[in-house]
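Survey of secondary and tertiary structure
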Amino acid sequence: MEIVHTLRDLRLRLAGEGLVGLVPTMGSLHDGHLALVKEASDHASCVVTSIFVNRLQFGPGEDFDRYPRDLEADTKRLASAGCQVVFAPTESEMYPIPQRYHVEPPPLQNDLEGAVRPGHFRGVCTVVLKLFHMVQPQVAIFGKKDYQQWTLLKEMVESLALPIRMIPGETIRAEDGLALSSRNAYLSSDERAEAPQLYLTLKRISSAIHAGNVSDHKLIIEQEAQALGQRGWHVDYLTLRSQHALSEPQAAERELVILAAARLGSTRLLDNLECFRSAVP
Ligand code: PAF
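Residues numbered from 1 in each chain as written. Predicted model: local features only at pLDDT ≥ 70, side-chain atom pairs only at ≥ 80, totals over all residues. Heavy atoms only, no water.

Take the overall build of the protein chain next. For the protein chain, the helix and strand inventory stands at 10 helices and nine strands. Against the compact-globule benchmark of 19 Å for 281 residues, the protein chain has a radius of gyration of 19 Å, which places it among compact chains. Its C-alpha atoms give the protein chain principal-axis dimensions of roughly 60 × 40 × 35 Å. Looking at the protein chain residue by residue over its 281 residues, the buried ones come to 53%. Carbon and sulfur atoms provide 51% of the accessible area of the protein chain, an area that totals close to 13500 Å². In the protein chain, 29 positive and 35 negative side-chain charges are present, and the distance between their average locations comes to 2 Å. (Helix = DSSP H or I, 4+ residues; strand = E, 2+ residues; numbered from the N terminus. Rg over C-alpha atoms; globule rule 2.2 N^0.38 Å. Buried < 20%, exposed > 50% of the residue type's maximum accessible area, 1.4 Å probe, protein only. Areas by Shrake-Rupley, 256 points an atom, 1.4 Å probe, with all protein chains shown as cover. Lys, Arg positive; Asp, Glu negative; His and termini not counted. Charge placed at Lys NZ, Arg CZ, Asp CG, Glu CD.)

The full set of residues close to the ligand is P24, T25, M26, N54, Q57, V124, V127, V128, F142, D146 and Q149. In this structure, Q57 approaches the ligand through a side-chain N or O atom, which is 2.7 Å from an oxygen atom. Between the ligand and Q149, the relevant distance is 2.7 Å, taken from an oxygen atom to a side-chain nitrogen or oxygen of the residue. When isolated, the ligand has an accessible area of 290 Å², and the protein chains bury 90% of it. Every element with two or more residues in the shell around the ligand is listed here: β2 (20–25) and α6 (120–135). When its residues are assigned to classes, the shell around the ligand shows six nonpolar, four polar and one charged. (Near = heavy atom within 4 Å. Polar contact = N/O pair within 3.5 Å; in protein donor to acceptor, adjacent residues only side chain to side chain. Nonpolar A, V, L, I, M, F, W, Y, C, P; charged D, E, K, R; others polar.)

A word on the sheet that holds strand β7 (residues 234–242). Taken in spatial order, the three strands make up an open sheet running β7-β8-β9, and their pairing is antiparallel. Bordering the open sheet on either side are β7 and β9 (267–276), each of which pairs with just one other strand. When the angles between neighbouring strand axes are averaged without regard to direction, this sheet yields 10°. Pairing of strand β8 (residues 255–264) with β9, which is carried by 10 bridges, proceeds in the antiparallel orientation. (Pairing = 2+ DSSP bridges. Axes fitted to C-alpha atoms, helices over the stretch in contact; angles between N-to-C directions.)

Turning our eyes to something else, we now look at the pattern of salt bridges. Tallied over the full model, the rule gives 20 salt bridges. A salt bridge links E72 to K76, with the shortest nitrogen-to-oxygen separation between them at 3.9 Å. Residue E72 and its partner K76 are located together in helix α3 (residues 71–79), separated by four residues, close to a single helical turn. Residues E72 and K76 agree in their burial class; the two are exposed. Put simply, E113, D236, R263 and R268 are held in one network by salt bridges that share partners. (Salt bridge = Lys/Arg side-chain N within 4 Å of Asp/Glu carboxyl O.)

This part is about helix α10 (residues 217–230). Under the 1.5 Å per step criterion, the end-to-end length of α10 is 20 Å for 14 residues, consistent within 8% with the ideal 20 Å. Taken together, the buried positions of α10 are H217, I220, I221, E224 and L228. The buried residues of α10 occupy one face: seen down the axis, they fall within an arc of 100°. Facing away from the buried side of α10 by over 90 degrees, the exposed positions are K218, Q226 and Q230. Just past α10, the residue G232 takes up positive phi, approximately 105°. (Expected span 1.5 Å × (residues − 1). Arc of directions from axis to C-beta.)

Moving on to the sheet that holds strand β3 (residues 46–51). The sheet built from six strands is open, its strands ordered β1-β4-β3-β2-β5-β6 with parallel pairing. This sheet does not close on itself; its edge strands, each paired only once, are β1 (2–4) and β6 (165–169). For this sheet, the mean inter-axis angle between neighbouring strands, taken without regard to orientation, is 25°. Bridge count for β2 against strand β5 (residues 139–143) is two bridges, and the pairing is parallel. Directly across from G21, in β5, lies its bridge partner V139. Contacting β2, β3, β4 (85–87), β5 and β6, α6 runs over the sheet at an angle of about 145° to β2. (Contact = heavy atoms within 4.5 Å.)

See below:
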């Protein structure tokens, strides 16, 4: 496995490579990322993992400065996961001139995560488009853990006719159900013990919807959000959407996803669960 820090070295290393697969990350890699790398190696002959903590997608007062960074540990993990090239640009390599051109995503950028983190998806889409130009992959893998990000990026690729096959990666969970995330490192031990409640909440809502015994999903979601509040969570959103474009679900819609973001202390956790309505009311 080779580690490159500049665009020039990246281009030299990738010259003549066949099918290149890209796994974009911000580092602090856990088993969820490694699963994406393994998935990529099923679709590409050369897997590139990028590691770059992208200032553009962090708002003022967010955790850009304290975001965990450990390139040495990350590269060790990647070597054993089947990655061929690590692209770890510096800030000045990624943004040699002030980034004044941006990708402007559709209005979904201001909903859910975007309502709490204005400008976040503009920063994400801009850096991902830039990474696509730098690496020129034929295949790119993104985790469904960040479902809204996945939805927006998939549309970006389609809408801008980028010659890239987008592959979703399933969310990897700890044994107790907590979705793996670099931000889990911020949790105290009490918070870590409480954290799986978010997934349990999603599972309860999903089972009720799947069983078809919910005439008004809003009611059960409201009750579950209140229950989380009583346990000490601050719920930013807990909502049911259509898997397609994350729009408000129509009555006949069957492919749904429950999305949640909630804070435990100062740590904000995201999770989601696809769910299928078996009987349409
Ligand atoms: O999901 C992430 O880690 C980031 O948003 C991404 C896609 C690497 C862009 O910085």
